[in-house]
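# Remarks on the overall topology
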There are 2 protein chains.
Amino acid sequence: MSSSLVLYSYWRSSAAFRVRIALNLKGLPYETRAVHLVRDGGEQHSPDYVALNPQQLVPTLVDGGKVITQSMAIAEYLEDIHPQPALLPVEAADRARVRALAQAVACDIHPLGNLRVLQRTGKQFSADDEQQAIWMRHWITTGFQALEAMLAHSRQTGRYCHGDTPGLADLCLVPQVYNARRWKTPLGDYPTILRIDAACAELDAFQAAMPERQPDAPK
Amino acid sequence: MSSSLVLYSYWRSSAAFRVRIALNLKGLPYETRAVHLVRDGGEQHSPDYVALNPQQLVPTLVDGGKVITQSMAIAEYLEDIHPQPALLPVEAADRARVRALAQAVACDIHPLGNLRVLQRTGKQFSADDEQQAIWMRHWITTGFQALEAMLAHSRQTGRYCHGDTPGLADLCLVPQVYNARRWKTPLGDYPTILRIDAACAELDAFQAAMPERQPDAPK
């Protein structure tokens with residue numbers, strides 16, 4: 001069944017990037033269908049895509065007849081149907097730690113810098129490019145200060161966010177670091193985040209998921 | 001062990017509200033420790049609380065010596081340690097549907113209207129109360145349009161978001177509807193959301209979690 005996986009993706013979407021890493025970590029082949037978030041007003045607003053994903057966001061995973069939305073729900077779905085290699089540890093408190101690290105990115109950093117939010121700051125507050133960059137960097141910095149503390153002060157942090165196995169927290173962290181660099185966010189205060197990002201960057205699963213490696217990336 | 005559960009909460013926090021519902025649905029008694037998000041510049045920024053929760057957000061659940069942050073991670077933790085009554089269905093695709101509905105609130109509506117985000121629109125864009133209300137209603141409306149479609153067009157929607165058992169999606173939806181009313185968001189276009197909200201409101205688990213019923217609510 002895994003050969004039927006189709007991922008609606010955009011090369012530079014952090015949320016799609018997460019799911020690409022999850023699929024790669026589990027060794028699940030998939031077909032990419034590109035949804036261009038900017039061209040022609042955004043292909044995510046086309047009737048065909050809205051029927052698939054009423055939120056008009058990427059990613060969407062289609063597994064046979066099943067349509068799964070929301071990157072974290074997709075990652076948990078992959079964990080449910082293909083438990084190994086695991087994205088989450090075994091013990092409940094450890095699972096909670098990994099999920100909390102993941103959600104500190106997925107709920108409290110990334111949504112504030114999503115394309116539609118930037119567009120809204122322009123529309124409602126007349127924010128120009130520089131104002132939008134300040135907004136972005138504010139939320140990345142706020143989030144990374146907390147994440148660095150959560151990671152640096154825990155003996156459970158290993159080569160990756162939790163021990164020495166890459167998982168759900170790492171697949172959120174790496175796209176957020178990529179995004180932070182894109183917005184030229186100073187990262188010198190986050191040595192643990194950068195160390196983990198570098199460790200992940202050595203893995204094929206993360207390399208193959210990089211935005212520039214996607215079929216819809218600009219040449 | 002469940003008698004040792006301590007929830008750091010604020011009466012009007014949507015994220016704390018979610019966890020209160022989860023604890024109540026599972027019948028787990030807990031002690032509330034109020035964290036006042038506004039008084040004295042915000043008790044969530046006090047050194048003692050920052051040591052517990054570096055994100056300086058509520059809620060935090062303490063279970064014996066375990067400290068769990070992030071409302072969705074806490075709900076999944078409760079599901080892991082006390083599987084029944086379940087907040088999630090059994091089948092993987094059904095679990096993904098419920099998580100996606102939950103995350104459509106927890107990732108794509110609520111974070112954009114968090115107190116700190118409103119404060120930031122004031123500080124960076126000089127947004128006044130009316131501008132902040134417009135911002136809030138924009139994101140609630142955008143999110144509810146999608147959620148209404150996701151719920152109304154699915155045969156899996158029942159008395160609650162998924163079938164006839166309240167769960168993870170409902171405990172996200174109800175606090176968001178409460179928040180929408182607080183911001184005077186027109187809700188006439190969301191009959192399915194309102195129907196489910198009303199069904200939940202009949203349950204003790206939701207009633208006892210209401211902001212006004214909390215020990216730190218203003219008299």
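Residues numbered from 1 in each chain as written. Chains lettered and ligands numbered in written order. Predicted model: local features only at pLDDT ≥ 70, side-chain atom pairs only at ≥ 80, totals over all residues. Heavy atoms only, no water.

Worth spelling out the cut-off: UniProt positions are given in the numbering used here, feature names are shortened, and annotations may be inferred rather than shown by experiment.
The name an unreviewed UniProt entry assigns to chain A is Maleylacetoacetate isomerase, from the organism Dyella choica. A UniProt comment under Sequence similarities (unreviewed entry) is attached to chain A, and it reads "Belongs to the GST superfamily. Zeta family."

### A word on the packing of helix H4 (residues 92–106) of chain B against helix H6 (residues 129–152) of chain B
When two helices pack together, their arrangement is given by the angle between the helix axes and the distance between those axes. Residue and element names in this part refer to chain B. Quick reminder of the rule: Helix axes are fitted to C-alpha atoms over the stretch in contact, other axes to C-alpha atoms as well, and angles between N-to-C directions run from 0 to 180 degrees. By the criteria applied, helices consist of DSSP H or I runs no shorter than four residues and strands consist of E runs no shorter than two, each listed in order from the N terminus. Any angle that is under 35 degrees is reported as roughly parallel, and any over 145 degrees as roughly antiparallel; angles of 65 to 115 degrees are reported as roughly perpendicular and all others as oblique. Handedness of a helix crossing follows the sense of rotation of the near helix relative to the far helix, less than a right angle counterclockwise being left-handed and clockwise being right-handed. It only takes one pair of heavy atoms within 4.5 Å for two residues to be counted as in contact. Each residue receives one of three labels: charged for Asp, Glu, Lys and Arg, nonpolar for Ala, Val, Leu, Ile, Met, Phe, Trp, Tyr, Cys and Pro, and polar for the others, Gly being one of them.
Contact geometry for H4 and H6: axes closest at 10 Å, N-to-C directions at 160°. Here H4 lies roughly antiparallel to H6, going by the angle between them. Crossing geometry of H4 relative to H6 is assigned as left-handed. Of the residues in H6, those touching H4 at Arg97, Ala100, Leu101, Ala104 and Val105 are Leu147, Met150 and Leu151. For the contact of H4 with H6, the class distribution of residues is seven nonpolar, no polar and one charged.

### Focus: the pairing of strand S1 (residues 5–9) of chain B
Residue and element names in this part refer to chain B. Quick note on the threshold: Buried, partly exposed and exposed residues are distinguished by accessible area as a fraction of the type maximum, computed with a 1.4 Å probe on protein chains only: under 20%, between the cut-offs, and over 50%, respectively. Any two strands are treated as partners once DSSP identifies two or more bridges connecting them.
In terms of burial, S1 is largely enclosed, as five of its five residues are buried. The alternating pattern of S1 places Leu5, Leu7 and Ser9 and Val6 and Tyr8 on opposite faces, both of which are buried. Pairing of S1 with strand S2 (residues 31–34) involves four bridges; the strand directions are parallel. The residue bridging Leu7 from the neighbouring strand is Thr32, located in S2.

### Focus on the domain arrangement of chain A
Accessible area lost when the parts come together is the quantity often used to give the size of an interface. Residue and element names in this part refer to chain A. Note the threshold: Just so you know, the domain bounds were taken from an automatic or database domain assignment. Simply put, the buried area is the total loss of 1.4 Å probe accessible area from both parts when two parts are fitted together. Between Lys or Arg on one side and Asp or Glu on the other, a salt bridge is scored when a side-chain nitrogen of the former is within 4 Å of a carboxyl oxygen of the latter.
We note that the domain assignment places domain 1 (2–85) and domain 2 (92–205) within chain A. Computed from C-alpha atoms alone, the centre-to-centre distance between domain 1 and domain 2 is 20 Å. Each side of the interface is counted separately: domain 1 has 16 residues, and domain 2 has 17 residues. When domain 1 packs against domain 2, the two sides together hide about 1,600 Å² of surface, and 68% of this comes from carbon and sulfur. Three residues, Arg12, Arg18 and Met72, lead the burial of domain 1 against domain 2; their summed loss comes to 33% of the area buried on that side. At the boundary of domain 1 and domain 2, one finds one salt bridge. Between Glu76 and Arg99 there is a salt bridge; the shortest N-O distance is 2.7 Å.

### A look at the packing of aromatic side chains
The description of an aromatic ring pair uses the distance of the two centres, along with the angle that the planes make with each other. Threshold: Working definition: a ring pair exists when centres of Phe, Tyr or Trp rings (six-membered ring for Trp) sit within 6.5 Å. Plane angles under 30 degrees give stacked, over 60 give edge-to-face, the rest tilted.
Applying the stated criterion across every chain yields a total of 14 aromatic pairs over all chains. Ring centres 6.2 Å apart and planes at 65° place the aromatic pair B:Tyr10 and B:Trp11 in the edge-to-face group. As far as the burial class goes, B:Tyr10 and B:Trp11 line up, both buried. One aromatic cluster in this structure is built from A:Phe125, A:Trp135, A:Trp139, B:Phe125, B:Trp135 and B:Trp139.

### Let's talk about the interface of chain B and chain A
As a reminder of what qualifies: Think of a polar contact as two N or O atoms within 3.5 Å of one another; within protein, one of them needs to be a possible hydrogen donor and the other a possible acceptor, and neighboring residues in sequence only count if both atoms come from side chains.
Chain B puts 42 residues into the contact, and the matching count from chain A is 42 residues. Both sides together, the interface formed by chain B and chain A hides about 3,900 Å², and carbon and sulfur atoms give 65% of it. Across the contact surface, chain B and chain A share eight salt bridges. Where B:Asp108 meets A:Arg116, a salt bridge forms, and the shortest distance between an N and an O atom there is 3.8 Å. Our count for the chain B to chain A interface comes out at 17 residue pairs in polar contact (both at pLDDT 80 or more). Of all the elements in the fold, those that place two or more residues in the side of chain B that touches chain A are strand S4 (66–69), helix H3 (71–81), H4, helix H5 (115–125) and H6 of chain B. Tallied by class, the residues present in the side of chain B that touches chain A amount to 25 nonpolar, nine polar and eight charged.

### Comments concerning the sheet that holds strand S1 (residues 5–9) of chain A
Residue and element names in this part refer to chain A. Sheet architecture is open: four strands sit in the order S2-S1-S3-S4, paired in mixed fashion. The sheet is open, and its two borders are formed by strand S2 (31–34) and strand S4 (66–69), each paired with just one other strand. On average, each strand axis in the sheet is tilted by 20° relative to the strand beside it, whichever way the strands run. With four bridges joining them, strand S3 (residues 60–63) and S4 adopt antiparallel strand pairing. Paired with Asp63 across the bridge in S4 is Lys66. Here helix H3 (residues 71–81) sits on the sheet in contact with S3 and S4, set at roughly 130° to S4.

### So, the relation of the copies chain B and chain A
Where we set the bar: When the copies are superposed, the least-squares fit draws on C-alpha atoms of residues that have pLDDT of at least 70 in both.
Mapping chain B onto chain A calls for a rotation angle of 180° and an axial translation of 0.0 Å; the resulting RMSD is 0.0 Å. Taken together, the rotation angle and the small translation identify this as a two-fold axis. The C-alpha atom lying nearest the rotation axis in chain B is that of B:Cys107; the distance is 2.3 Å. Counting the interface residues of chain B, we find that 100% of their copies in chain A are interface residues as well, pointing to one common contact surface.

### Let's talk about the pairing of strand S3 (residues 60–63) of chain B
Residues and elements named next belong to chain B. Alternating residues of S3 divide into Thr60 and Val62 and Leu61 and Asp63, and every residue in both groups is buried. As defined by bridge partners, S1 adjoins S3 across four bridges and the pair is classed as antiparallel. Residue pairing for S3: Val6 is matched across the bridge by Val62. The turn linking S3 back onto S4 is made up of two residues, and Gly64 within it adopts a positive phi angle of 65°.

### Considerations on H3(B)
Two residues of an α-helix separated by three or four positions point the same way, owing to the 3.6 residues in each turn. In terms of burial, H3(B) is a largely internal element, nine of the 11 residues being buried. By the burial criterion, the buried members of H3(B) are B:Ser71, B:Met72, B:Ala73, B:Ile74, B:Ala75, B:Glu76, B:Tyr77, B:Leu78 and B:Glu79.

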